[in-house]
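Analysis of the macromolecular model
Chain by chain, the residues run as shown.
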Amino acid sequence: MAEFKKQPRFRTRIAPDLIETVRQLVLTSKDIVITCHVSPDGDALGSSCALWFVLKALGKTVNIVTADCAPRTLQFLPGVRDIVAATRQGDRAHELLSKADLIFCMDFNDPERVDRLTDALTNSKARKVVIDHHLDPRIEADVIISHPEVSSTSALLYIFFWQAGWTRYLNRSSAACIYTGMMTDTGNFSYNSNDPDLYLIIYDLMRKGIDKDNLYKLVMNTSSESRVRIMGYGQYRMQILPDHRAAIIMLSSAELREFDYNKGDTEGLVNIPLSIPDVTYSVFLREDDKNCVKVSMRSKGEFSVSRICEENFGGGGHTNAAGGEFHGPLEQALDKLLEIIPNYDKYLQ
């Protein structure tokens, strides 16, 4: 057991000079803010809350500030109820960013991803640290810890803690946050999950006392009535394009209102068509009330949905999980999608 604690064991290694720089920034800072991307998912919230717990254990004054609220499905996460969301506490959120002397940017690599807080973030004179696993960072910061080969920011954060000597500050609550982030960004370890580092991390998190079975139940197997109904309806409306090995699910703003939609109710819907053997990638188009369509894509194997989102929907992500937006009606978003899909047939294996 002692060997496990002391010997370097992770395949991913963060540059030691970056670790030491962040350590010194934390130790000399008085007001720290942690922020993450808009519409935060399990990884964004898990990494942010875990870092919040550890920095508090180090005796620091620290707040989590987000553009909007956590989805209902993740309200159980320790620390979530202490988040300052700009949609509810706009003045407070901007005040905290303004007076911060250190800002951690978790799980995003472009300042536009913090939505209504973009100006406050970019105009802040605070030192900035980015910890993220998305491709091609487009953000200015004093320290950028970017490892796209790591499946989640939460896993990368744990590796940072371990190299910094801070895993001793992890407790059951912060360990649960890290595990939730790792679990949600890998579909309960069903994709992007062949890295042995993940299971070394899980071993240590379980030693901190997490109940992984209960976390699975809360994240993956707990739903409201409206979520169950809208997930079923979305699957019923699914279109299959056999010649392109693609599936499309669309939900209009009117349909979302009919099912009493709450943020997070369609989480995971885009993954379901991938269970069909002949479907290589899946697209989910969700229309909001602002003439904007949220585009989510998932794929199997080496087929890159990130390429499609980058080239057509102003987004990006990872090979097997990406997203973007279309500004216009849902029908026009579908028309564009159907127009471009044949261009990517050459990448199908």
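To be clear, the structure that these remarks concern was listed above.
The structure presented is a predicted model; accordingly, all values stated were derived computationally and were not measured.

Parameters at a glance
- Residues numbered from 1 in each chain as written.
- Predicted model: local features only at pLDDT ≥ 70, side-chain atom pairs only at ≥ 80, totals over all residues.
- Heavy atoms only, no water.
- Salt bridge = Lys/Arg side-chain N within 4 Å of Asp/Glu carboxyl O.
- Helix = DSSP H or I, 4+ residues; strand = E, 2+ residues; numbered from the N terminus.
- Buried < 20%, exposed > 50% of the residue type's maximum accessible area, 1.4 Å probe, protein only.
- Pairing = 2+ DSSP bridges.
- Lys, Arg positive; Asp, Glu negative; His and termini not counted.
- Polar contact = N/O pair within 3.5 Å; in protein donor to acceptor, adjacent residues only side chain to side chain.
- Axes fitted to C-alpha atoms, helices over the stretch in contact; angles between N-to-C directions.
- Parallel < 35°, antiparallel > 145°, perpendicular 65-115°, else oblique.
- Contact = heavy atoms within 4.5 Å.
- Nonpolar A, V, L, I, M, F, W, Y, C, P; charged D, E, K, R; others polar.
- Left-handed = near helix turned anticlockwise from the far one by under 90°.
- Phe/Tyr/Trp six-rings, centres within 6.5 Å; stacked < 30°, edge-to-face > 60°.

Structural notes on the pattern of salt bridges
Taken as a whole, this structure holds 13 salt bridges when the rule is applied. The partner of Glu-95 in a salt bridge is Arg-92, and the shortest N-O contact between them spans 3.8 Å. With a gap of three residues between them, Glu-95 and Arg-92 both fall in helix H4 (residues 90–99), about one helical turn apart. On the accessibility criterion, Arg-92 (32% relative accessible area) is partly exposed. Across the pair Lys-294 and Glu-325 runs a salt bridge, and its minimum N-O distance is 2.4 Å.

Observations concerning the pairing of strand E1 (residues 31–36)
Here E1 lies mainly inside the structure; five of its six residues are buried. Bridging between E1 and strand E2 (residues 61–66) involves four bridges; their strand directions are parallel. The residue of E2 that forms the bridge with Asp-31 is Thr-61.

Focus on the side chain of Asp-132
Mapped onto the elements, Asp-132 comes out in strand E5 (residues 127–132). Although buried, Asp-132 forms no salt bridge, and the nearest oppositely charged side chain, Arg-113, lies 8.3 Å from it. Within the structure, the side chain of Asp-132 is placed 3.1 Å from the backbone nitrogen of Phe-108, a separation counted as a polar contact. There is a polar contact of 2.7 Å between the side chain of Asp-132 and the side chain of His-134.

Focus on the packing of helix H6 (residues 153–164) against helix H7 (residues 172–184)
Close contact between H6 and H7 brings their axes to 8 Å; oriented N to C, the two are set at 140°. One element, H6, and the other, H7, form an angle in the oblique class. Along the contact surface, H6 presents Ser-154, Ala-155, Tyr-158 and Phe-161, while H7 presents Cys-177, Ile-178, Gly-181 and Met-182. Looking at the contact of H6 with H7 residue by residue, the class counts come to six nonpolar, two polar and no charged.

Some thoughts on the packing of H7 against helix H8 (residues 196–207)
At a minimum axis separation of 10 Å, H7 and H8 run at an interaxial angle of 150°. As judged from the angle between their axes, H7 and H8 are roughly antiparallel. Both H7 and H8 take part in a crossing whose hand is left-handed. Counting all contacts with H7, which are made through Ala-175, Ile-178, Tyr-179 and Met-182, the residues of H8 involved are Leu-198, Ile-201, Ile-202 and Leu-205. Of the residues belonging to the contact of H7 with H8, the class tally is eight nonpolar, no polar and no charged.

Notes on the packing of aromatic side chains
Applying the stated criterion across every chain, the model contains 10 aromatic pairs. Arranged with centres 5.9 Å apart and planes meeting at 80°, the rings of Phe-10 and Tyr-158 form a pair that is edge-to-face. Pair noted here: Phe-10 is in the loop between helix H1 (2–6) and helix H2 (16–28) and Tyr-158 is in helix H6, with a separation of 148 residues, a long-range link. One exposure class covers both Phe-10 and Tyr-158, and it is buried. An angle of 70° between the planes, with centres 5.0 Å apart, marks the rings of Trp-52 and Phe-53 as edge-to-face. For Trp-52, a relative accessible area of 9% gives the class buried. Members of the aromatic cluster, each reached through a chain of ring pairs, are Phe-10, Tyr-158 and Trp-162.

Side note on the pairing of strand E9 (residues 281–287)
Burial runs high along E9: six of the seven residues are buried. Where strand E8 (residues 246–251) meets E9, six bridges bridge the pair, whose relative direction is parallel. Bridge pairing in E9 links Ile-249 to Phe-284. The sheet contact formed by E9 and strand E10 (residues 292–299) spans seven bridges and is antiparallel. The residue bridging Ser-282 from the neighbouring strand is Arg-298, located in E10. Between E9 and E10, which pair antiparallel in sequence order, lie four residues; one of them, Asn-291, sits at a positive phi of approximately 55°.

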